[in-house]
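# Close look at the chain arrangement
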Amino acid sequence: MRKPALALGALLTTAALTLTACSDSSTSTDTNASGSAEWPKSITISLVPATEGENLAEALKPLTSYLSENLGIEVNGVVANDYAATVEAIGADQAQVAITDAGSLYNAMNQYNAKLILRDVRFGATSYASVAYTNNPEKYCDDEPVMATYAASETEFAYCNGLEEAAAAEGKGPKAVEALKKVEAGTKVALQAVTSPAGYQYPVVALEDQGVDVSTLSEVPVQGNNNAMLAVLKGDAEVGFGYWDARASIIKEAPEAATDMVAFAYTEMIPNGGVVVTDTLPEDLVAQLTELMDNYADSSEEAKTIMQELVGLTDWTAQTDEEEIQRYGEIYTRFK
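Residues numbered from 1 in each chain as written. Predicted model: local features only at pLDDT ≥ 70, side-chain atom pairs only at ≥ 80, totals over all residues. Heavy atoms only, no water.

## Structural notes on the sheet that holds strand E13 (residues 315–317)
Note the cut-off: Here a strand pair is declared whenever DSSP counts at least two bridges between the two strands. Starting at the N terminus, helices and strands are each numbered in turn, a helix being any DSSP run of H or I of at least four residues and a strand any DSSP run of E of at least two. Orientation is described by lines fitted to C-alpha atoms, with helices fitted over the stretch in contact, and by angles between N-to-C directions that extend from 0 to 180 degrees.
Here six strands make up an open sheet; going across it, the order is E2-E1-E3-E12-E4-E13 and the pairing mixed. Two strands bound the open sheet, and with one partner strand each, they are strand E2 (74–79) and E13. Put simply, the sheet's adjacent strands are angled 25° from each other on average, direction ignored. Pairing of strand E4 (residues 115–121) with strand E12 (residues 274–277), which is carried by four bridges, proceeds in the antiparallel orientation.

Next up, the structure:
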């Protein structure tokens, strides 16, 4: 699923702020009489917003107020132009918190010793599989496709090769990856941009792991998961890759996608993004910030609405599964 970064920050305006404008945030490591590091008077959060519009700051006011009031310090937000900028903000200590994608989490952790404190949750999951879809189930399926419900869109979709065995689809990989061996030289395969984890990177690694020479395939380049799905549905490609379950992106315009396209393999899981903090912040502040953000979605009905409608998340979790981020980093670095 698309992994929108969460837009967050007190005093956030709709115009993108420059990082240097927030460079006066204090991150002193002086200690008080009890031996604990002094808290800064303010902290800055760097992020790439998932939404745009002049009412962004007003819509997020309950979230920023929640953090500021419970921490007792000022929380400032700075809008980054891209995910790489969130990493550089952490490295320069111009931001002490970054809400960003998995690749940037990896870079911040490995380049600047940032600490991973939270992972994004969407409908109970902190990761997702890339899925191989086809319009030719007779070739790629070893069993009859079954229908299972994808909860995010409340739609039944077709799956084969034992990917789903219950009424409610789970989307957990890796599973049935050996079916990718059937992708023969010359097969028309819809692949997205090389920067896409679900549309290119993880599929290429999975294909190669199954002995497929990707260079021999007839690549059908597409932009976006919806176009990858349309390429398969319309017959422009025999196989296509996208997030679980990307068929939902076209189901309104093409309801036949639910049955005419079959999911036949899941790659290993791709991690959602999350939240990192600099190693300059006091440990007790980090602990409180982590707990507050972890509990935010359950703090009120308004909070749930903000998380879901504005930023595409249903929660954060302190169960970070850091090894998934490190594995993602290996693949991310290969295709960088």
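## A word on the packing of aromatic side chains
This is how it is decided: Any two rings among Phe, Tyr and Trp, with Trp reduced to its six-membered ring, count as a pair given centres within 6.5 Å; such a pair is stacked if its planes are under 30 degrees apart, edge-to-face if over 60, and tilted if neither. Working rule: Lys NZ or Arg CZ, within 6 Å of ring centre, within 35 degrees of ring normal, means a charge sits over the ring.
Scanning the model with the defined rule gives seven aromatic pairs in all. The interplanar angle of 90° and the centroid separation of 5.7 Å between the aromatic rings of tyrosine 200 and phenylalanine 335 together place this pair among those described as edge-to-face. Of this pair, tyrosine 200 sits in helix H6 (residues 197–209) while phenylalanine 335 sits in helix H11 (residues 322–335), and the two are 135 residues apart along the sequence. The side chain of arginine 247 reaches across the aromatic face of tyrosine 159, ending 4.9 Å from its centre.

## As for the pattern of salt bridges
Two side chains with opposite charge may pair up if their charged atoms get near one another. This is how it is decided: The term salt bridge refers to a pairing of a side-chain nitrogen on Lys or Arg with a carboxyl oxygen on Asp or Glu at a separation within 4 Å. Between buried and exposed lies partly exposed: a residue is buried under 20% and exposed over 50% of the maximum accessible area for its type, with that area taken using a 1.4 Å probe on protein chains only.
Overall, the coordinates contain 10 salt bridges when judged by the stated rule. The shortest N-O distance in the salt bridge between glutamate 208 and arginine 334 comes to 3.0 Å. Here glutamate 208, found in helix H6, pairs with arginine 334, found in helix H11; they are 126 residues apart in sequence, far enough to count as distant. Judged by its relative accessible area of 35%, glutamate 208 is partly exposed. Classification of arginine 334 as partly exposed rests on a relative accessible area of 46%. The residue arginine 327 makes a salt bridge to glutamate 330 at a minimum N-O spacing of 2.9 Å. Residue arginine 327 and its partner glutamate 330 are located together in helix H11, separated by three residues, close to a single helical turn. Note on arginine 327: relative accessible area 28%, which makes it partly exposed. Among the charged side chains, a salt-bridge network with shared partners connects Lys139, Glu184 and Glu238.

## Focus: helix H9 (residues 283–295)
So the rule is basically this: Between the first and last residue of a helix there are one fewer steps than residues, each counted as 1.5 Å, and that sum is the expected span. The directions from the helix axis to the C-beta atoms are what the arc is built from. By definition, residues are in contact when any of their heavy atoms lie within 4.5 Å.
The terminal C-alpha atoms of H9 lie 18 Å apart, and with 13 residues this matches the ideal 18 Å at 1.5 Å per residue to within 8%. Burial in H9 covers these residues: Leu285, Val286, Leu289, Thr290, Leu292 and Met293. Viewed along the axis of H9, the buried residues span an arc of 170°, placing them on a single side of the element. Elements in contact with the buried residues of H9: strand E1 (42–47), helix H2 (61–71), strand E3 (97–100), E4, E12 and E13.

## Section: the packing of H2 against H9
The condition is simple: Here a crossing is called left-handed whenever its near helix is offset anticlockwise from the far helix by less than a right angle, and right-handed whenever the offset is clockwise. Basically, the charged four are Asp, Glu, Lys and Arg, the nonpolar ten are Ala, Val, Leu, Ile, Met, Phe, Trp, Tyr, Cys and Pro, and anything else, Gly included, counts as polar.
Two elements in contact, H2 and H9, have axes whose closest approach is 11 Å; the angle formed by their N-to-C orientations is 145°. In the crossing of H2 with H9, the sense of the turn from one axis to the other is right-handed. Along the contact surface, H2 presents Tyr66, Leu67, Asn70 and Leu71, while H9 presents Leu285, Gln288, Leu289, Leu292, Met293 and Asn295. Per-class residue counts for the contact of H2 with H9 are seven nonpolar, three polar and no charged.

## Quick word on the sheet that holds strand E8 (residues 188–191)
By way of backbone hydrogen bonds, the strands of a sheet pair with one another, either parallel or antiparallel. As summarised here, the arrangement of the seven strands in space is E6-E7-E11-E5-E10-E8-E9, forming an open sheet in which the pairing is mixed. This sheet does not close on itself; its edge strands, each paired only once, are strand E6 (146–150) and strand E9 (218–221). Ignoring which end each strand starts from, the neighbouring axes of this sheet average 35° apart. Sheet topology places strand E7 (residues 155–159) next to strand E11 (residues 262–271); two bridges connect them, and they run parallel. Bridging from a neighbouring strand, alanine 158 pairs with valine 262 of E11. Sitting on the sheet, helix H7 (residues 225–233) is in contact with strand E5 (127–134), E8 and strand E10 (239–243), with an inclination near 155° to E10. Where H11 meets the sheet, its contacts fall on E5 and E11, and the angle it forms with E11 comes to roughly 105°.

## A closer look at the environment of glycine 329
Here glycine 329 is to be found in helix H11. Separated by 222 residues in sequence, glycine 329 and asparagine 107 place their C-alpha atoms 7.8 Å apart.

## With respect to the environment of valine 232
Along the chain, the position of valine 232 falls in helix H7. Classification of valine 232 as buried rests on a relative accessible area of 0%. On a C-alpha basis, the gap between valine 232 and asparagine 135 in space is 6.2 Å, while along the polypeptide they are 97 residues apart. Beyond its immediate sequence surroundings of up to four residues, valine 232 is in contact with Tyr133, Thr134, Asn135, Ala237, Glu238, Val239, Gly240 and Met261.

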